[in-house]
Amino acid sequence: MTESSDRMPLPRDFFDRPVLEVAPDLLGRTLVRSTDDGLIEVRLTEVEAYAGEIDPGSHAFRGRTARNAVMFGPPGHAYVYFTYGMWHCLNLVCGPEGMASGVLLRAGEIRTGAELTRKRRLSARHDRELAKGPARLATALDVGRDLNGTDVCAGPGSPLSVLTGRPITADQVRSGPRTGVGGDGAGHPWRFWIDGDPSVSPYRAHAPRKRRT
């Protein structure tokens with residue numbers, strides 16, 4: 001039996017492109033998370049692009065470190081980071097090897113395995129909120145630093161993969177400033193989302209942390 005076209009895994013050359021091409025092209029694709037408890041599938045509805053050493057909003061803006069090394073390639077791997085001392089966020093590395101860039105997965109619609117994600121997202125009032133926001137998405141999919149560097153193009157047996165899904169048309173894509181990014185990178189319209197989708201997270205401008213007195 002052959003796989004239907006929407007169930008085909010995305011090849012590495014899909015990710016081996018400029019980040020501003022890959023990011024909107026991920027909308028409508030299917031992210032698959034294989035866990036010990038079962039399979040979870042998410043239709044991606046919101047993403048953000050980060051362009052490495054030319055992007056003040058990127059973790060790689062000041063060069064390679066132990067933390068961001070995965071961002072420098074090869075493409076088609078997961079970059080997972082820990083933020084605010086409590087949350088993980090999941091990115092997909094893209095672009096040519098040696099030039100750091102990645103796409104932050106901000107939100108999605110759970111299509112398979114909702115019963116598994118509800119156990120991790122007890123505060124969600126509706127299923128559309130299960131993966132509404134990057135930390136919520138990572139929590140729902142049980143994504144931690146142990147998945148940093150995972151090859152999403154490795155095929156069967158990989159804990160993370162991305163299927164063709166049903167990519168959307170250009171007129172369904174909206175773009176705007178990235179959420180929570182300040183400084184010189186604040187104005188880049190590198191957040192992309194599916195127009196009108198209820199799983200898309202609300203935009204929040206950067207708010208500088210208050211210094212303790």
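The rules we used
Residues numbered from 1 in each chain as written. Predicted model: local features only at pLDDT ≥ 70, side-chain atom pairs only at ≥ 80, totals over all residues. Heavy atoms only, no water. Helix = DSSP H or I, 4+ residues; strand = E, 2+ residues; numbered from the N terminus. Salt bridge = Lys/Arg side-chain N within 4 Å of Asp/Glu carboxyl O. Buried < 20%, exposed > 50% of the residue type's maximum accessible area, 1.4 Å probe, protein only. Pairing = 2+ DSSP bridges. Phe/Tyr/Trp six-rings, centres within 6.5 Å; stacked < 30°, edge-to-face > 60°. Lys NZ or Arg CZ within 6 Å of the ring centre and 35° of its normal.

Asks: Please clarify how the environment of Arg191 should be interpreted in this entry.
Replies: Mapped onto the elements, Arg191 comes out in strand β8 (residues 191–194). Measuring from C-alpha to C-alpha, the distance between Arg191 and Lys119 comes to 29 Å, with 72 residues separating the pair along the chain.

Asks: I tried to follow the pattern of salt bridges on my own but got confused; where do I start?
Replies: Oppositely charged side chains can form a pair if their charged atoms are brought close together. Taken as a whole and judged by the stated rule, the model has 16 salt bridges. We note a salt bridge from Glu129 to Arg125, for which the minimum N-O separation is 2.9 Å. Judged by relative accessible area, Glu129 falls into the buried class, the value being 9%. Between Asp195 and Arg174 there is a salt bridge whose closest N-O contact spans 3.3 Å. Placement of Asp195 in the segment after β8 and of Arg174 in strand β7 (residues 173–176) is noted, with a sequence separation of 21 residues between them. Taking the relative accessible area as the measure of exposure, Arg174 reaches 33% and is therefore partly exposed.

Asks: Can you walk me through the pairing of strand β3 (residues 78–83) in this structure?
Replies: The two faces of the sheet receive side chains in turn, since in a regular strand these alternate between them. Taking burial as the measure, the six residues of β3 include five buried ones, the bulk of the element. Where β3 meets strand β4 (residues 87–93), six bridges bridge the pair, whose relative direction is antiparallel. Residue pairing in the sheet places Ala78 in a bridge with Leu92 of β4. Taking the residues that link successive antiparallel strands as the turn, the β3-β4 hairpin has three residues, and the phi of Tyr84 there is positive, at about 55°.

Asks: Just checking my understanding: could you explain the packing of aromatic side chains for this structure?
Replies: The description of an aromatic ring pair uses the distance of the two centres, along with the angle that the planes make with each other. The tally for this structure, following the rule as stated, stands at two aromatic pairs. Measuring from centroid to centroid gives 5.1 Å for Phe14 and Phe15, while their planes differ by 80°, and the two rings are edge-to-face. By relative accessible area, which is 0% here, Phe15 ends up buried. Between Tyr79 and Tyr81, the aromatic rings sit 5.7 Å apart at their centres with planes inclined by 40°, giving tilted as the arrangement. Looking at Tyr81, the relative accessible area reads 12%, which means it is buried. The ring centre of Phe14 lies 4.6 Å from the NZ or CZ of Arg17, which sits over that ring.

Remember that the coordinates give geometry; whether it matters functionally is a separate question.
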